[in-house]
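So you can see what is in the structure, the chains are spelled out below.
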Amino acid sequence: DVGPILSDGTPFADLFDLDKHEVSMRLLKDPEVYRLELSRLFGKAWTVLAHETEIPNAFDYVARHIGADPVIVTRSRSGDVNVVLNICSHRGMQVCRGEAGNEKQFKCPYHGWSFSEQGKFMGSPVARENMHGAFRSKEELALPKARVELYAGFVFATWDEDAPSLDDYLGEIKFYQDLMFDRTESGLEVLGPPQRFVIPANWKCPGEQHAGDGYHAMTLHRSINELAASEADDSSMYGIDVSANGHGLRLIDRRKGKWKDNREAVLAAQTLPPFEKLKSIMLPPGMTPEMAEKLDKKLSEAQMKVLADYPPSVGGLFPNMGTFCFEFPTPMGMAAIISWHAFVPRGPGKFEFINWFLVEKDAPEDFKDLMRRASTLGLGTTGFVETDDADTWPLMTESAEGFMGEQQKIRYGALCGEDQPLDGYWDEGEFPGGGHLYPGFTKDDAQWNWWLRYRDFMLGDPWGPEAHH
Ligand code: FES
Ligand code: FE
């Protein structure tokens, strides 16, 4: 199957060279490609909209987008979370103009039709017979509702009735993502509303990067190492790239990197059982020793072993999400950052960056405050990290615009293949958790898998037996 045929006669499948592992730069700017993505990809994939702690009370809401479609994420009296299309069934005005708040009913600003937090049509200012015809049922005038599921408090939605459950969609990456976001019984909460800003770049630039581009940290983010008053080195390049269902995550080899300050202790601790390691020398980012005491309530033995030896740090969920849990050097000392990003398309050359900072609910207040400051300094709009990346994405997108530019390729040649991390550190046979594993120096495999998953959606068969997992 070659997928859709573009208006100049190019089959969509020709934008990929599967033998050479190259992708056409036309994918980064073409408005026709973008239109196809809205239906074929964003009409089907599960994407994240909010964290449920943004809307803790009955009738709280936030306004967001699934792809280019405006939606309202609401909380019902029963506690259920709903996602309804924010497009009035009268003339198409957006019924909710606020960004966040608490409303029992959404009254359209144009002519005043009202809808419940579940999208039910509640009435109009003038009698039904005059204004919308007796032949229309209330059901017909309701706002469409998306399918909703939560993972670690994050609200995901999809329009596709045929999509698998969120659990199946996450697949084998969930085992590893749990180590960052689902490791306590109390769970996470947001550190205030997310930062939101628009970047003049195609959404796929950050989308594919977060699936596995550890490589750029060495050059683009070098200033972080240099400012951290520790030697700049390539230690964060080592570990295991994990990939499943187009999602990607980087596990860091704990014997290297910022832990080298206490390298002796880390090496000495290697003989300890995983739970003991985690409670002492290898405290997970964002946890106090008291909180780590309860890790075994939520994580399996295998998960604790991975967390102690190869903690996950930076990842991406297909198609447009970034996930983070790591320690960051600040003037206040080392501090943890827990963050999620969404890259929401707002046209072929523009996306909205939604940036959530989180913390364990049961962390002490001063600990939360330190994480708030570290998060802003590290991954905030004016911080050290995202400002580096925000320089590259717009220029990649601009490059794709010209006569020569759109004929160029982006290349993923550093494919090293799957392997087990049998490096003397992990020596117990098969690595738990599954997924495709790429141990050693970070490489292109996970990002290439992201593009194969993208291709599945665009050619039209993301849930079929031929799809990439
Ligand atoms: Fe909403 Fe008319 S467009 S009431
Ligand atoms: Fe980066």
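As a reminder, the structure under discussion sits directly above these lines.
All values derive from a computational prediction rather than experimental measurement. (Residues numbered from 1 in each chain as written. Chains lettered and ligands numbered in written order. Predicted model: local features only at pLDDT ≥ 70, side-chain atom pairs only at ≥ 80, totals over all residues. Heavy atoms only, no water.)

Chemist: Now, about the coordination of the iron ion (ligand 2): what can you tell me, with residues and values included?
Modeler: Protein coordination at the iron ion (ligand 2): the donors are His-216 (NE2), His-221 (NE2), Asp-389 (OD) and Asp-389 (OD), at 2.1 to 2.4 Å from the metal. Coordination at the iron ion (ligand 2) is irregular: its four donor atoms span angles of 55 to 143° at the metal. Read from N- to C-terminus, the donor residues coordinating the iron ion (ligand 2) fall into the pattern H-x4-H-x167-D. For the pair formed by His-216 and His-221, the shared burial category is buried. (Donors = N, O, S within 2.8 Å, 3.2 Å for Na, K, Ca; no water. Tetrahedral: all angles 85-135°; square planar, octahedral: opposite > 155°, others 65-115°. Buried < 20%, exposed > 50% of the residue type's maximum accessible area, 1.4 Å probe, protein only.)

Chemist: Account for the packing of helix H1 (residues 31-40) against helix H14 (residues 445-459), with residues named and values stated.
Modeler: Relative to each other, H1 and H14 sit at 85°, their axes nearing to 9 Å. It follows from the interaxial angle that H1 and H14 lie roughly perpendicular. When H1 is examined against H14, the residues Val-33, Leu-36, Glu-37 and Arg-40 are found in contact with a partner set consisting of Tyr-454, Phe-457, Met-458 and Leu-459. Grouping the constituent residues of the contact of H1 with H14 by class yields six nonpolar, no polar and two charged. (Axes fitted to C-alpha atoms, helices over the stretch in contact; angles between N-to-C directions. Helix = DSSP H or I, 4+ residues; strand = E, 2+ residues; numbered from the N terminus. Parallel < 35°, antiparallel > 145°, perpendicular 65-115°, else oblique. Contact = heavy atoms within 4.5 Å. Nonpolar A, V, L, I, M, F, W, Y, C, P; charged D, E, K, R; others polar.)

Chemist: For the sheet that holds strand E6 (residues 81-85), give the residues involved together with the corresponding values.
Modeler: On the basis of which strands lie adjacent, the open sheet formed by four strands has the order E6-E5-E4-E7 and antiparallel pairing. This sheet does not close on itself; its edge strands, each paired only once, are E6 and strand E7 (100-102). Between one strand and the next, the sheet's axes are offset by a mean angle of 30°, whatever the strand orientation. As judged from the six bridges shared by strand E4 (residues 60-66) and strand E5 (residues 69-75), these two strands associate in the antiparallel manner. Within E5, the position partnered with Tyr-61 by the bridge is Thr-74. (Pairing = 2+ DSSP bridges.)

Chemist: Before we move on, could you go through the pattern of salt bridges and cite the residues and values that matter?
Modeler: Scanning the model with the defined rule gives 25 salt bridges in all. Taking the shortest distance from any N to any O, the salt bridge between Arg-26 and Asp-30 comes out at 2.9 Å. Among the residues examined, Asp-30 registers a relative accessible area of 14% and is labelled buried. Linking Asp-182 and Lys-298 is a salt bridge whose minimum nitrogen-to-oxygen distance equals 3.6 Å. A residue pair is termed long-range when its members are at least 10 positions apart, and Asp-182 in the loop between helix H4 (174-181) and strand E13 (188-190) and Lys-298 in helix H10 (residues 295-298) qualify at 116 residues. Lys-298 gets classed as partly exposed once you look at its relative accessible area, which sits at 35%. (Salt bridge = Lys/Arg side-chain N within 4 Å of Asp/Glu carboxyl O.)

Chemist: Could you give me a rundown of the packing of aromatic side chains, with the residues and numbers involved?
Modeler: In this structure the tally under the stated criterion is 32 aromatic pairs. Aromatic pair Phe-154 and Phe-181: ring centres 6.3 Å apart, planes at 80°, arrangement edge-to-face. Here Phe-181 lies in helix H4 and Phe-154 lies in strand E12 (residues 154-158), a separation of 27 residues in the sequence. A relative accessible area of 2% places Phe-181 in the buried class. A centroid spacing of 4.6 Å and a plane angle of 20° characterise the contact between Phe-197 and Phe-353, whose relative ring orientation is stacked. Within this pair, whereas Phe-197 is found in strand E14 (residues 195-199), its partner Phe-353 is found in strand E20 (residues 351-360), the two being separated by 156 residues in sequence. Its relative accessible area of 0% is what places Phe-353 among the buried residues. The rings of Phe-12, Phe-16, Phe-42, Tyr-169, Trp-203, Phe-318, Trp-450, Trp-451, Tyr-454, Phe-457 and Trp-463 are connected pair by pair, giving a single aromatic cluster. In this arrangement the basic side chain of Lys-279 is found over the ring face of Phe-275, its NZ or CZ atom lying 4.0 Å from the centre. (Phe/Tyr/Trp six-rings, centres within 6.5 Å; stacked < 30°, edge-to-face > 60°. Lys NZ or Arg CZ within 6 Å of the ring centre and 35° of its normal.)

Chemist: Can you break down the pairing of E4 residue by residue, with the values?
Modeler: By the criterion of burial, E4 is predominantly enclosed, with seven of the seven residues buried. In this structure, E4 lies alongside E7, joined through three bridges in antiparallel fashion. Bridge pairing links Val-62 to Ala-100 in E7.

Chemist: How would you explain H1 if you had to name every residue and give the values?
Modeler: Given 3.6 residues per helical turn, the α-helix brings residues three or four places apart onto the same face. For H1, every residue scored as buried is listed here: Val-33, Tyr-34, Leu-36, Glu-37 and Leu-38. Structurally, H1 contributes buried residues whose contacts are with helix H5 (204-210), strand E19 (333-345) and H14.

Chemist: Quick rundown of the environment of Ala-152? Include the residues and the values.
Modeler: Of note, Ala-152 is situated in the loop between strand E11 (147-151) and E12. Here Ala-152 falls in the buried class, since its relative accessible area comes to 18%. Spatially, the C-alpha atom of Ala-152 lies 8.5 Å from that of His-51, the residues being 101 residues apart in sequence. Residues in contact with Ala-152, not counting those within four places in the same chain, are His-51, Phe-181 and Asp-182.

Limitation: the analysis is restricted to geometry and does not speak to function.
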